[in-house]
2 protein chains.
Amino acid sequence: MYFCKPRLSAIGNRLFFKLSTVDNQLISFTEENYLKIIYLLTERHNGNEVSTNKLAEHTQTKAASVSDMLRKLAEKNYINYRKYQGVTLTEAGEQIALGVIRKHRLWEVFLVEKLGFGWDEIHDIAEQLEHIDSKELTKRLDDFLGNPQFDPHGDPIPDAKGKMPSVSYQKLSEITLNQSVVMMGVSVHSPSFLQHLDKQQITLGCDLKVLEISDFDKSYGLLLNNKIRLFVSNEVARNLLVC
Amino acid sequence: MYFCKPRLSAIGNRLFFKLSTVDNQLISFTEENYLKIIYLLTERHNGNEVSTNKLAEHTQTKAASVSDMLRKLAEKNYINYRKYQGVTLTEAGEQIALGVIRKHRLWEVFLVEKLGFGWDEIHDIAEQLEHIDSKELTKRLDDFLGNPQFDPHGDPIPDAKGKMPSVSYQKLSEITLNQSVVMMGVSVHSPSFLQHLDKQQITLGCDLKVLEISDFDKSYGLLLNNKIRLFVSNEVARNLLVC
DNA sequence: ACAAAATTTTAGACTAATCTAAAAATATAT
DNA sequence: ATATATTTTTAGATTAGTCTAAAATTTTGT
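Along each chain, residues carry numbers from 1 onward, in the same order as the chain's sequence is written. As a convention, the first chain written is A and the first ligand written is 1, with the rest following in written order. The predicted nature of this model means local features are confined to residues of pLDDT at least 70 and side-chain atom pairs, given and counted, to a pLDDT of 80 or more, with totals for whole chains, interfaces and linings taken over all residues. Note that the side-chain values use all heavy atoms of the structure and ignore hydrogens as well as water.

Undergrad: Can you help me understand the sheet that holds strand S11 (residues 228-232) of chain A in this one?
TA: All names here are of chain A. Two strands qualify as a pair provided DSSP detects at least 2 bridges between them. Helix numbering and strand numbering both begin at the N terminus, where a helix is a DSSP run of H or I of at least 4 residues and a strand a DSSP run of E of at least 2. On the basis of which strands lie adjacent, the open sheet formed by six strands has the order S7-S12-S8-S9-S10-S11 and antiparallel pairing. On the outer flanks of this sheet lie strand S7 (170-171) and S11, each paired with one strand and no other. In the sheet, S7 pairs with strand S12 (residues 240-242) via two bridges, with the strands oriented antiparallel. Considered in S12, the bridge of Lys171 is made with Leu241.

Undergrad: What should I look at first to understand the protein's contact with DNA strand C in this one?
TA: The local shell around DNA strand C holds 26 residues, among which Tyr81 and Lys83 of chain A together with Ser28, Ser65 and Lys72 of chain B are the closest. When the atoms of DNA strand C within 4 Å of the protein are sorted by group, sugar and phosphate make up 80%. In the analysis that follows, any N or O atom pair within 3.5 Å is treated as a polar contact, provided that within protein one partner can donate a hydrogen and the other can accept it, and provided that, for residues neighboring in sequence, both atoms belong to side chains. Within the side chain of Tyr81 of chain A, one N or O atom sits 2.5 Å away from a phosphate oxygen of DNA strand C. One of the side-chain nitrogen or oxygen atoms of Tyr34 of chain B is found 3.4 Å away from a phosphate oxygen of DNA strand C. Among the elements of the structure, helix H2 (52-59) and helix H3 (63-75) of chain A together with strand S2 (14-17), helix H1 (29-44) and helix H3 (63-75) of chain B are those that each provide at least two residues to the surface near DNA strand C. Take the surface near DNA strand C: its biggest share by element is five residues, from H3 of chain B. The residue makeup of the surface near DNA strand C, split by class, is 11 nonpolar, 10 polar and five charged. Nearness is defined per residue: one heavy atom within 4 Å of the molecule or strand is enough. Gly counts as polar in this scheme, as do all residues outside two lists: the nonpolar Ala, Val, Leu, Ile, Met, Phe, Trp, Tyr, Cys and Pro, and the charged Asp, Glu, Lys and Arg.

Undergrad: I would appreciate a short explanation of the protein's contact with DNA strand D in the present structure.
TA: Of all residues adjacent to DNA strand D, which total 26 residues, the nearest are Ser28, Ser65 and Lys72 of chain A together with Tyr81 and Lys83 of chain B. A share of 81% is what sugar and phosphate atoms reach among the atoms of DNA strand D within 4 Å of the protein. One of the side-chain nitrogen or oxygen atoms of Tyr34 of chain A is found 3.4 Å away from a phosphate oxygen of DNA strand D. Taking Tyr81 of chain B, its side chain carries an N or O atom lying 2.4 Å from a phosphate oxygen of DNA strand D. Where the surface near DNA strand D is concerned, the elements lending two or more residues are strand S2 (14-17), helix H1 (29-44) and H3 of chain A together with helix H2 (52-59) and H3 of chain B. Among the elements that take part in the surface near DNA strand D, H3 of chain A stands out by supplying five residues, more than any other.

Undergrad: Any chance you could explain unusual backbone geometry here in plain terms?
TA: Excluding glycine, residues mostly have negative phi values, and the peptide bonds linking residues are mostly trans. Positive phi, close to 50 degrees, is recorded for Asn225 of chain A, a residue that is not glycine. As for its placement among the helices and strands, Asn225 of chain A is situated in the loop between strand S10 (220-224) and S11. Even without being glycine, Asn46 of chain B reaches a positive phi, approximately 55 degrees. Only protein chains enter the accessibility calculation, which uses a 1.4 Å probe; a residue is then buried when its area is under 20% of its type maximum, exposed when over 50%, and partly exposed in between. In this structure Asn46 of chain B comes out as exposed when scored by relative accessible area, which is 70%.

Undergrad: Which parts of the structure should I look at to understand the sheet that holds strand S12 (residues 240-242) of chain B?
TA: In a beta sheet, neighbouring strands are held together by backbone hydrogen bonds and run either parallel or antiparallel to one another. Residues and elements named next belong to chain B. The sheet built from six strands is open, its strands ordered S7-S12-S8-S9-S10-S11 with antiparallel pairing. Here the strands that pair on one side only, and so sit at the sheet edges, are strand S7 (170-171) and strand S11 (228-232). Strands strand S8 (180-186) and S12 of the sheet are contacted by helix H7 (residues 191-199), whose axis makes an angle of about 150 degrees with S8. Any two residues having at least one pair of non-hydrogen atoms within 4.5 Å are treated as being in contact. To get an axis, fit a line to the C-alpha atoms, keeping to the stretch in contact for a helix; angles then go from 0 to 180 degrees between the N-to-C directions.

Undergrad: I would appreciate a short explanation of the packing of H1 of chain A against H3 of chain A in the present structure.
TA: Two quantities define a packed helix pair, namely the angle between the helix axes and the distance between the axes. Residue and element names in this part refer to chain A. At their nearest, the axes of H1 and H3 sit 11 Å apart, and the two run at 95 degrees to each other. Compared by their axis directions, H1 and H3 come out roughly perpendicular. Contact residues: Thr30, Glu31, Tyr34, Leu35 and Ile38 in H1; Ser65, Val66, Met69, Leu70, Lys72 and Leu73 in H3. In terms of residue class, the contact of H1 with H3 is built from seven nonpolar, two polar and two charged. Working rule for angles: under 35 degrees goes down as roughly parallel, over 145 as roughly antiparallel, 65 to 115 as roughly perpendicular, anything else as oblique.

Undergrad: Would you take a moment to explain the packing of aromatic side chains for this structure?
TA: The geometry of two aromatic rings is summed up by the distance between their centres and the angle between their planes. Two rings from Phe, Tyr or Trp (for Trp, the six-membered ring) form a pair when their centres sit within 6.5 Å of each other. Planes less than 30 degrees apart are called stacked, planes more than 60 degrees apart edge-to-face, and all others tilted. The tally for this structure, following the rule as stated, stands at six aromatic pairs over all chains. Relative to Trp107 of chain B, the ring of Trp107 of chain A has its centre 5.9 Å away and its plane inclined at 85 degrees; by these criteria the two rings are edge-to-face. Here Trp107 of chain B lies in helix H4 (residues 91-114) and Trp107 of chain A lies in helix H4 (residues 91-114), a pairing that spans two chains. Side by side, Trp107 of chain A and Trp107 of chain B carry an identical accessibility label, which is buried. An aromatic cluster is present here, built from Trp107, Phe110 and Phe144 of chain A together with Trp107, Phe110 and Phe144 of chain B joined pairwise through their rings. When the ring centre of Phe144 of chain A is taken as reference, the NZ or CZ atom of Lys114 of chain A above it lies at 4.4 Å. The aromatic ring of Phe117 of chain A is capped on one face by Arg140 of chain B, whose charged end is 4.5 Å from the ring centroid. Here, a charge over a ring means that NZ of Lys or CZ of Arg falls within 6 Å of the ring centre while also lying within 35 degrees of the ring normal.

Written as structure tokens, this is what we have:
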């Protein structure tokens, strides 16, 4: 039999819950999560600082816990942190975040393409798989999947060096009357939203022509794949990414 | 964006590092590991109690830590524990252990069959993947792999209900002169042992005929696949499983 | 510009899982 | 059979990550 200490590891007296190594720095599972969330929220806020409260909301912890963690991440030089002013990632922090996001999105491709999961079922599983620590595994998985550039939600997959494929999506809600666009992604990944799209047969890659924009509620009348008439609320239109 | 609390979860004030749920009981990552190791050591010791020191050795912790954990696992009724007398698994504990072992071995098949890893490279990665908590994922992975009964080391894979395929392997060291056998598994998974076998082209499923057993050191002279003469030490012969 | 509201940080406490050192129980050897 | 050695457990401490409550800072509204 051959065992090894798998994901808990004691360094000196210190217990780390799942480690990965970047430049010989130990990164805990929890730290990876914070960095990933900071990356995604910064991206969503066009590069602006992310606030403690926003982080508390998305890590599902309390602001006090976030403050503690921010102090720690700042000490390790993963984030730029001025008290009360929110945070952004340093270069080092961004590389770690991109590594986690890369794994998350590759696993999502695996779950959909190889195991036949729906795009509404994969998030929570990928949330676990994204922390598996093996460079070689990530590389081989990437090759096995055919080096995909985008995940099943249309999100770009960073390459091994952390470089993101460039994307220039617009929201469907920004598209004007009679324009034809291709559905490229979603900006919300909640199962209920994705299932709503499934019901209307709106899938990645489908054609959408804007036939009508309601004056009343800004809902959209669409022609799907030059065949089917359908209507989506403005809420849906704001979360559909097209080009 | 859609986040969820992935693998750390607070119940009341309690922090769990990675949870899985069996009968609504929360099982931490660490508990899963202890149960798995108790299962494997009990199996190896023909159903006899496992000692605290043996567990400390295999969990890579100290005996004092093991004692603490045993108390906890006994409280939750995962193990039968009489102080100073070692432990065995209860039915509940065994089911959890078998679930972890099932995932470990399925992932090993995936790593070798789909990603092209060598059998000497997969243990540490599977050690992480075995804790991914999703019934549906395990089921789909199992189907994707063609419902394998054995992993790349020849170890049996328990089914979804925890039932192990029955195996009746013998050690090569128990085989008598001139017998022909098929290589079915290994009882040690260390990379160095597996690489040693690779060098000699000893693989799962190969034919081995015992041509010679040295009086001096009990090493074995073998005929591999009716073609190649080779010699293995008694140490190797004891860890090759055949039938 | 200042008071009130909101946000963020600090202080102090808790849990899981570990540790070391010491005490208790069991096993071994003469 | 008893002293010694080994193994196991207990006691007390530590760390990461969380919590609540209170204090500090920033933002907002008049």
